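Listed below are the residues making up each chain.
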Amino acid sequence: MNPKQIAYENQANTIIKGLKKRNMDGYFFHTIDEARAFANTMIEDGSTVTWGGSMTLQDSGLIQDLEKRDLTLLDRAKASSPEEVGKIYRQAFSADYYLMSTNAITLDGQLVNIDGNGNRVAALIFGPKKVIIIAGMNKVALDADSAVDRVRNFATPANCNRLNLTTPCSKTGKCGDCLGQSTICCEIVTTRNSRHDDRIHVILVGQELGY
């Protein structure tokens, strides 16, 4: 095992202990293939599954795996109208499983997420029976302040460029604290504890994934 992988595993073990204190479950795998296979086993046949926008999920192959199974998938990418997208957003609250990544995670186990529409962080907070989060170790930050800084000045500029949004950060790479229709920094949510047992599961991966 190379030194970087050892460091990732040690960091992950620290994070997993922090998650446990916050009533969330954590796991570590060295590769996305291992993480994807594990996530697949967590989802029961016959369940309803949906997900938030995530490059990590998109690149992982997990959605393609789920499409081959006996599941009801609520996929907004297949919606035929904005009204249908909105319906799927609301149906997510009654799903059995909600899949997502996290914009950042602190060494003491706090999740930090920034959202434009708010549907992703809303489902993280309330509704789906279980939330499964897959995150590369590039998402790790020292503390909550560092996590917000990482998201606003690294993840958000990259996502704005991915979505072809014209914002100050898409041009400069630095948060411009902008307002208006193009901003995706509408909701900033820190999940510091879960009141519900066995609901939030965080799968950490010893690779750089997503933004």
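Small disclaimer: the values here were computed from a predicted structure and weren't measured.

What about the pattern of salt bridges?
Evaluated as defined, the whole model comprises nine salt bridges. In this structure, the salt-bridge partner of D108 is R22, at a minimum N-O distance of 3.2 Å. Taken together, the residues D108 in the loop between β5 (104-106) and β6 (111-115) and R22 in the loop between α1 (3-21) and β1 (25-29) connect sequence positions 86 residues apart. Looking at D108, the relative accessible area reads 34%, which means it is partly exposed.

Considering the pairing of strand β10 (residues 200-205)
Burial of β10 is extensive: six of the six residues sit out of reach of the surface. The side-chain alternation of β10 yields two buried faces, one formed by I200, V202 and L204 and the other by H201, I203 and V205. As paired strands, β1 and β10 are joined by five bridges and run parallel to one another. Bridging across to β10, F29 finds its partner in V205.

Quick notes on the sheet that holds β5
Spatially, four strands are ordered β8-β5-β6-β9 in an open sheet, and the strand pairing comes out mixed. Strand pairing shows two members of the sheet lacking a second neighbour, β8 (140-141) and β9 (187-191), which therefore form its edges. Where β5 lies against β8, two bridges are found, and the strand directions are parallel. The residue of β8 that forms the bridge with T106 is A141. Lying on the sheet, helix α7 (residues 144-162) is in contact with β5, β6, β8 and β9; it crosses β6 at an angle near 35°.

Quick notes on the nonpolar core
Counting 20 residues, the largest nonpolar core has I105, L111, I133, M137, I200, V202 and L204 as its most contacted members. When residues of this core are traced back to their parent elements, those giving at least two are α1, β4 (97-100), α6 (119-125), β7 (130-136) and β10. Sorting elements by how many residues they give to this core places α1 first, with four residues.

Conventions adopted
- Residues numbered from 1 in each chain as written.
- Predicted model: local features only at pLDDT ≥ 70, side-chain atom pairs only at ≥ 80, totals over all residues.
- Heavy atoms only, no water.
- Salt bridge = Lys/Arg side-chain N within 4 Å of Asp/Glu carboxyl O.
- Helix = DSSP H or I, 4+ residues; strand = E, 2+ residues; numbered from the N terminus.
- Buried < 20%, exposed > 50% of the residue type's maximum accessible area, 1.4 Å probe, protein only.
- Pairing = 2+ DSSP bridges.
- Contact = heavy atoms within 4.5 Å.
- Axes fitted to C-alpha atoms, helices over the stretch in contact; angles between N-to-C directions.
- Core = buried A, V, L, I, M, F, W, Y, C linked by side-chain atoms within 4.5 Å.

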